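Take a look at the letters that make up each chain.
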Amino acid sequence: MRAAITDALKDAMKAGDKTRTSTLRLVNAAIKDKDILNRGSGRDAASDDEIVQILGKMTKQREESAKIYAENARPELAAKEREEIAIIAGFLPTQMDEAGMEATVAATITDLGAAGMKDMGKVMTALKERHAGQMDFGKANGVVKRMLSAG
């Protein structure tokens, strides 16, 4: 994943695409920050899963900024944030749809033998380990609550 981002940055620089270049430079900087943090705690460089988490966080930050800009009558800044979201999202795994998420949550609950709300943390942890970057865990949280309280 790291190589794909670096290659995309080189291509953007060659093409003179300033928005793509600056966005990918920010992504690389965030990855390097994570590498430095990992090195300080005696771990390896950021893994692909960690990179996916970084990209997800960057996307969420830009969504929040775009919303604030739109609310404050700054459509040009909101549009810039959305452009950056599109660039970053190109490197993220495809997100699960609602039906896929429900099936995955149900399967995870069955696998773990979760029986009630007391198992919520266990189910969420397993989902995050198995499906990092593939689902919106805010929505998944609601699905897990609904399924555990119904069961």
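Structure shown above.
Because the structure is a prediction, the values reported are computed rather than measured.

What counts, and where the lines are drawn
- Residues numbered from 1 in each chain as written.
- Predicted model: local features only at pLDDT ≥ 70, side-chain atom pairs only at ≥ 80, totals over all residues.
- Heavy atoms only, no water.
- Salt bridge = Lys/Arg side-chain N within 4 Å of Asp/Glu carboxyl O.
- Helix = DSSP H or I, 4+ residues; strand = E, 2+ residues; numbered from the N terminus.
- Buried < 20%, exposed > 50% of the residue type's maximum accessible area, 1.4 Å probe, protein only.
- Contact = heavy atoms within 4.5 Å.
- 1 Å grid on protein atoms, 1.4 Å probe; cavity = no way out; pocket = protein on both sides within 12 Å on 5 of 7 lines; lining within 4 Å.
- Points joined across faces, edges and corners; volume = space filled by probe spheres on them.
- Nonpolar A, V, L, I, M, F, W, Y, C, P; charged D, E, K, R; others polar.
- Axes fitted to C-alpha atoms, helices over the stretch in contact; angles between N-to-C directions.
- Left-handed = near helix turned anticlockwise from the far one by under 90°.
- Phe/Tyr/Trp six-rings, centres within 6.5 Å; stacked < 30°, edge-to-face > 60°.
- Lys NZ or Arg CZ within 6 Å of the ring centre and 35° of its normal.

Details of the pattern of salt bridges
Inspection of the entire model under this criterion finds 9 salt bridges. Residues aspartate 35 and arginine 2 are paired through a salt bridge, measuring 2.7 Å at the closest nitrogen-oxygen approach. Of the two residues, aspartate 35 is situated in helix H2 (residues 18-40) and arginine 2 in helix H1 (residues 2-15); the sequence distance between them amounts to 33 residues. Classification of aspartate 35 as buried rests on a relative accessible area of 10%. A salt bridge links aspartate 119 to lysine 122, with the shortest nitrogen-to-oxygen separation between them at 3.8 Å. A relative accessible area of 10% means that aspartate 119 is categorised as buried.

Quick look at the side chain of glutamate 50
Mapped onto the fold, glutamate 50 is located in helix H3 (residues 48-71). Its relative accessible area of 17% is what places glutamate 50 among the buried residues. Not counting residues within four places of it along the chain, the set of residues in contact with glutamate 50 comprises Lys34, Asn38, Arg43 and Ala45.

Description of the layout of surface pockets
With a probe scaled to a water molecule rolled over the atoms, the places where space remains empty come into view. In this structure, the largest pocket spans a volume of roughly 680 Å³. For the lining of the largest pocket, the secondary structure elements donating two or more residues are H2, H3 and helix H7 (137-150). For the lining of the largest pocket, the element with the highest residue contribution is H3, accounting for 11 residues. Broken down by class, the residue content of the lining of the largest pocket amounts to 10 nonpolar, 7 polar and 8 charged.

Some points on the packing of helix H5 (residues 98-112) against helix H6 (residues 120-130)
Packing of H5 against H6 brings their axes to within 10 Å, and their N-to-C directions diverge by 120°. Taken as a pair, H5 and H6 cross one another with a handedness that is right-handed. Contacts between H5 and H6 involve Thr104, Val105, Thr108, Ile109, Asp111 and Leu112 from the first element and Lys122, Val123, Ala126, Leu127 and Arg130 from the second. Classifying every residue of the contact of H5 with H6 by side-chain character gives 6 nonpolar, 2 polar and 3 charged.

A closer look at the packing of aromatic side chains
Taken as a whole and assessed by the stated rule, the structure comprises 0 aromatic pairs. Above the ring of phenylalanine 137, the side-chain terminus of lysine 128 is found at 5.9 Å from the ring centroid.

Focus on the side chain of threonine 21
Mapped onto the secondary structure, threonine 21 falls in helix H2. Apart from residues lying up to four places away in sequence, threonine 21 is in contact with Leu9, Ala12 and Met13.

Points about unusual backbone geometry
With a phi angle near 55°, alanine 73 is a residue other than glycine that sits in the positive phi range. Within the secondary structure, alanine 73 is located in the loop between H3 and helix H4 (75-89). Here alanine 73 falls in the exposed class, since its relative accessible area comes to 61%.

Function cannot be read off these values alone, since they describe shape.
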